[in-house]
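# Residue-level structural notes
Residue-level listing of the chains:
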Amino acid sequence: MMRGPPPMMIRGPPPMMIRGPPMLPPPMMVIPGRGGGGGTGKKKKKKKMGKIVLYHLTSKDAGKKIKKSGKMLRGKTGLFGGGIYFAGSVADCQGKTQNGNAVTIKALVDMGTAIYLPNGRNDAYNYTYTKLKKMGCNSVHASGMRTGDEYIVYNHARVKILSIKDKYGKKI
């Protein structure tokens with residue numbers, strides 16, 4: 001016969017409070033349109049987007065390197081793979097930046113034909129330049145994100161830098 005309260009059944013990990021930027025899930029190793037990597041398993045929607053003005057925040061050191069080289073290089077990781085991530089406004093960038101917010105980059109980004117992911121985080125997939133090219137696309141546009149839409153390109157040649165300014169509006 002057992003004494004005391006019955007044992008607790010715990011389902012899933014305990015709740016945790018995390019401070020700082022949101023942690024990214026590990027990349028999914030699935031084929032787009034065949035379950036996972038898009039949430040619904042349905043064929044991905046393509047969207048002609050062309051060239052649009054977008055914003056990116058970064059550290060002062062990275063901003064200076066970008067200014068010197070004249071190009072932005074893709075990161076190694078990200079929710080939608082290692083790409084160059086942008087937002088539609090500086091305000092939207094604030095919740096997305098992984099490398100600081102000391103410098104704002106305004107760029108004309110050639111999104112070309114994008115894979116359109118309306119379910120945001122639920123559509124996470126490790127996209128690459130090569131995978132997108134095979135799908136007949138040039139970029140990713142993810143909406144439904146808590147911090148606003150994400151615009152991702154995977155080739156620096158698709159980014160024309162219009163301005164690089166510090167947080168006080170002074171040119172770098």
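Presented here is a report on the structure given in the accompanying data block. Keep in mind that what you see is a predicted model, and the values were worked out from it rather than measured.

Definitions and limits used
- Residues numbered from 1 in each chain as written.
- Predicted model: local features only at pLDDT ≥ 70, side-chain atom pairs only at ≥ 80, totals over all residues.
- Heavy atoms only, no water.
- Helix = DSSP H or I, 4+ residues; strand = E, 2+ residues; numbered from the N terminus.
- Buried < 20%, exposed > 50% of the residue type's maximum accessible area, 1.4 Å probe, protein only.
- Contact = heavy atoms within 4.5 Å.
- Areas by Shrake-Rupley, 256 points an atom, 1.4 Å probe, with all protein chains shown as cover.
- Patch = residues over 30% accessible without salt bridge, like charges linked within 9 Å, V, L, I, M, F, W, Y side chains within 5 Å.
- Salt bridge = Lys/Arg side-chain N within 4 Å of Asp/Glu carboxyl O.
- Lys, Arg positive; Asp, Glu negative; His and termini not counted.
- Charge placed at Lys NZ, Arg CZ, Asp CG, Glu CD.
- Pairing = 2+ DSSP bridges.
- Axes fitted to C-alpha atoms, helices over the stretch in contact; angles between N-to-C directions.

## Describing the overall build of the protein chain
- Of the regular secondary structure elements, the protein chain holds three helices and eight strands.
- Considering the protein chain as a whole, with its 172 residues, one finds that 35% of them fall into the buried category.
- Restricting the contact set of the protein chain to residue pairs at least 6 apart, pairs at least 24 apart contribute 78%.
- Of the roughly 11,300 Å² that the protein chain leaves accessible, carbon and sulfur atoms contribute 56%.

## Focus on a positive patch on the surface
- Together, Lys67, Lys106, Lys165 and Lys171 give the surface a local cluster of positive charge.
- For Lys67, the location among the structural elements is in helix H1 (residues 60–69).

## Some thoughts on the side chain of Thr58
- Mapped onto the secondary structure, Thr58 falls in strand E2 (residues 51–58).
- Judged by its relative accessible area of 4%, Thr58 falls in the buried class.

## Structural notes on the sheet that holds strand E4 (residues 103–110)
- Sheet architecture is open: three strands sit in the order E2-E4-E8, paired in antiparallel fashion. Strand pairing shows two members of the sheet lacking a second neighbour, E2 and strand E8 (159–166), which therefore form its edges. Adjacent strand axes in the sheet meet at a mean angle of 20°, parallel and antiparallel pairs treated alike.
- In this sheet, E4 lies alongside E2 in antiparallel orientation, the contact comprising eight bridges.

## A word on the sheet that holds strand E1 (residues 45–48)
- The sheet built from five strands is open, its strands ordered E1-E5-E6-E7-E3 with mixed pairing. The open sheet has two free edges, formed respectively by E1 and strand E3 (84–86), since each of these has just one partner strand. Across the sheet, the axes of successive neighbouring strands diverge by a mean angle of 30°, strand direction being ignored.
- The sheet contact formed by strand E6 (residues 139–142) and strand E7 (residues 150–153) spans four bridges and is antiparallel. Along E7, the bridge assignment pairs His141 with Tyr151.

## Some details on the side chain of Asp166
- Structurally, the position occupied by Asp166 is in strand E8.
- Within the buried set, Asp166 has no salt-bridge partner at all; the shortest N-O distance to an opposite charge, 5.4 Å, is to Lys60.
- In this view, Asp166 contacts Ala102, Val103 and Ile172; residues no more than four positions away in its chain are not counted.

## Points about the pairing of E4
- Pairing of E4 with E8 involves seven bridges; the strand directions are antiparallel. Bridging from a neighbouring strand, Ile105 pairs with Ile164 of E8.

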